[in-house]
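Tertiary structure, described
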Amino acid sequence: MTEHSVVIAGGGPTGMMLAAELTLAGTDVLIVERRASFKLESSRSRGLHSRTIEVLDQRGVVDRFLAEGKAMQVQAFAGVPMDISDFPTRHNYGMALLQSHFERILAGWLDELGVPILREREVTGFTQDDSGVDVALSDGTSLRAQYLVGCDGGRSAVRKAAGIDFAGWDPTTRWIIAEVEMEEVPEFGLRGGGGIGPAEDGRVGVTLIVPDLDRTDEPTLQDVRDALIRVDGKDYGVHSPHWISSFTDMTRQAVAYRGGRVLLAGDAAHVHAPMGGQGLNIGVQDAVNLGWKLAQVVNGTSPVSLLDTYHAERHPVAARVLQYTMAQRAVGANDERTVALRGILAEVLTMDQPRKHIAGMISGLDVAYDLGAGHPLLGRRMPDLDLVTASGPLRVFTLLHDARPVLINLAEPGGFDITPWADRVQLINAEYAGLWELPVLGAVSAPTAVLIRPDGHVAWVGDGTDTGLRDAMTTWFGSP
């Protein structure tokens, strides 16, 4: 039986990002993926939000995504666009990039990292004991791992085998989604609970509500024709579908992200309607939160209790997204009263504070993990400041390229002794004279030091002393 430290079920965006994180941390990992390659026929996600772009920047790979995507303002709530170009981040925008391209670029990075992928297989079940997990595969073989992570989508076999409840709400609406060719070009725009717009290679993208909520078979070209006729009275001579699929507004979340040596991330942990385009993004961010923690537990640096912080931090983030997507669905109806409500929302979202509040959530820039009382930076993403060091200028995100924690001392050099953690934590003496500003919150007081976790979130903030630093180092990066 082949053994690995971690086996990941599912090689989509979440699974690949988690594998990259574990590999950067020196942990042996294997992805098991049912597809023969990374290629996707359907578009699924169509872009990235600001925090996901930041995460890729933290790992030094963002330029390869920016080179193929299109930077633009992608945030919207109930059809109301929101501009974040005034947000204090180097990436104050989203990115239009189809999931098929995102996965291709991500797969190229994994190839460089040497991540092994076992393709045309699926995880079908497992048994776990005190020392590991026996993982059953669809070809009749099995693997042994210290930990198994289910990144295998909303119908996750791992979640089901773990007996973890997928609590939430049944669907109320079904949409048909397709990329097709048309003899006559329709007017592009929103309608029919969705919309019609341009797609790749001259094709047309169609997303429209259909009446068959309980339908289980695959939609056809005739279903696309019928949907077009319902909203526009004609089918535009639709033909040659590139792909056709459907989705619903089913909204569910795993009640626990961990069961013993089995963890869940991405769609295996949470599903929702695609309003706001946050699904892929929060899955990638799940992976970045989990990866370094799981690596430290596997290599014996940290106790297994560190994994409890994964659920504690990421479950509330997804729960909030689920509430917001349900709210968007509710105000997306086309009856006169809901249209009136949407008009009022549009007025409210032109005001600065409501716009920043909602856009901060959708972009992922407002995430604040509950690490206790203290400075506003505590638990939030560290801004990508332009530091000055004895060796020259240095961006904060550059320090995170290797997914290692870092203590930045902004006071006099020599004020901190982290010798017991020197093999785990970088110590950088630096200066920064600019404004400290956070999305949504605005300006905050300048700290004298910050301890940054590998995921880019602040674990400790200095106020001129080292009070609490040793405790924070021990909590997040193991005993001295």
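Above this text is the structure in question.
All of the points below concern the structure found in this document.

Reading guide: rules and limits
- Residues numbered from 1 in each chain as written.
- Predicted model: local features only at pLDDT ≥ 70, side-chain atom pairs only at ≥ 80, totals over all residues.
- Heavy atoms only, no water.
- Phe/Tyr/Trp six-rings, centres within 6.5 Å; stacked < 30°, edge-to-face > 60°.
- Lys NZ or Arg CZ within 6 Å of the ring centre and 35° of its normal.
- Helix = DSSP H or I, 4+ residues; strand = E, 2+ residues; numbered from the N terminus.
- Expected span 1.5 Å × (residues − 1).
- Bend = angle between axes of the 7 residues up to and from the residue.
- Buried < 20%, exposed > 50% of the residue type's maximum accessible area, 1.4 Å probe, protein only.
- Arc of directions from axis to C-beta.
- Contact = heavy atoms within 4.5 Å.
- Salt bridge = Lys/Arg side-chain N within 4 Å of Asp/Glu carboxyl O.
- Core = buried A, V, L, I, M, F, W, Y, C linked by side-chain atoms within 4.5 Å.
- Pairing = 2+ DSSP bridges.
- Axes fitted to C-alpha atoms, helices over the stretch in contact; angles between N-to-C directions.
- Polar contact = N/O pair within 3.5 Å; in protein donor to acceptor, adjacent residues only side chain to side chain.
- Parallel < 35°, antiparallel > 145°, perpendicular 65-115°, else oblique.
- Left-handed = near helix turned anticlockwise from the far one by under 90°.
- Nonpolar A, V, L, I, M, F, W, Y, C, P; charged D, E, K, R; others polar.

We now examine the packing of aromatic side chains. Under the counting rule described, the total for this entry stands at 8 aromatic pairs. Taken together through their ring pairs, the aromatic side chains of W292, W476 and F477 make up a single cluster. Above the face of the Y147 ring, R261 is positioned so that its terminal group lies 4.9 Å from the ring centre. Its guanidinium or amino end placed over the ring of W476, R453 lies 4.6 Å from that ring's centre, counting from NZ or CZ.

Moving on, we come to helix α7 (residues 279-298). For α7, spanning 20 residues, the distance from its first C-alpha to its last is 28 Å, which sits close to the expected 28 Å at 1.5 Å a residue. Approximately 30° is the largest bend angle found in α7, and it occurs at L290. The element α7 is extensively covered by neighbouring structure, given that 20 of its 20 residues are classed as buried. Taken from the residues just after α7, G300 is the one with a positive phi, measuring 85°.

Moving on to helix α11 (residues 469-477). Among the residues of α11, L469, A472, M473, W476 and F477 are the ones counted as buried. For α11, the angular spread of buried residues about the axis comes to 100°, placing them on one side. Those residues of α11 that are buried are in contact with α7, α8 (308-330), β24 (406-409), β28 (449-452) and β29 (458-462). Within two residues after α11, G478 carries a phi angle of roughly 95°, on the positive side.

Scanning the entire structure with this criterion turns up 31 salt bridges. E33 is the partner of R35 in a salt bridge, and the nearest nitrogen-oxygen pair spans 2.8 Å. In terms of burial, R35 and E33 fall into one category: buried. Look at the salt bridges and you will find they share partners, linking D57, R90, D384, D386 and R395 into a network.

In terms of nonpolar packing, the biggest core is built from 98 residues, with L294 and L451 touching the most fellow members. Broken down by element, this core gets its largest block of residues, 11 residues, from α7. Those residues in contact with L294 that sit more than four places away from it in its chain are V6, L22, Y147, V149, L263 and L307. Core analysis: the second largest hydrophobic core is formed by 21 residues, L387, F397, V406 and L438 among them.

Okay, unusual backbone geometry next. A positive phi angle, close to 60°, is found at Y236, a residue other than glycine. A positive phi angle, close to 45°, is found at S240, a residue other than glycine. Tracing the chain through its elements places S240 in strand β17 (residues 239-248).

Across the sheet, 4 strands lie side by side as β25-β24-β28-β29; this open sheet has mixed pairing. At either end of the open sheet lies a strand with only one pairing partner, and these are β25 (426-429) and β29. Along the sheet, successive strands turn relative to each other by an average axial angle of 15°, direction set aside. Examined bridge by bridge, β28 and β29 share 4 bridges and lie antiparallel to one another. Paired with V450 across the strands is V461, a residue of β29. The strands touched by α11 are β24, β28 and β29; relative to β28, the strand with the most contacts, the crossing angle is about 15°.

Relative to the helices and strands, N92 is located in the loop between β6 (80-81) and β7 (94-96). Here S85 takes part through its backbone oxygen, which lies 2.7 Å from a polar atom of the side chain of N92.

Attention now goes to the packing of helix α1 (residues 13-24) against α7. Contact pair α1 / α7: the axes reach a minimum separation of 8 Å and the direction vectors enclose 30°. When the axes of α1 and α7 are compared, the pair comes out roughly parallel. For α1 against α7, the interelement crossing comes out right-handed. For the pair formed by α1 and α7, the contact residues are P13, T14, M17, L18, E21 and L22 on the first element and L280, G283, V284, A287, V288, L290, G291, L294 and A295 on the second.

At their nearest, the axes of helix α2 (residues 50-58) and α7 sit 9 Å apart, and the two run at 40° to each other. Relative to α7, the crossing made by α2 is left-handed. When α2 is examined against α7, the residues R51, T52 and V55 are found in contact with a partner set consisting of N281, V284, Q285 and V288. In terms of residue class, the contact of α2 with α7 is built from 3 nonpolar, 3 polar and 1 charged.

This part is about the environment of T398. The topology assignment puts T398 in the loop between β23 (392-395) and β24. C-alpha separation for the pair T398 and I177, spaced 221 residues apart in sequence, amounts to 40 Å.

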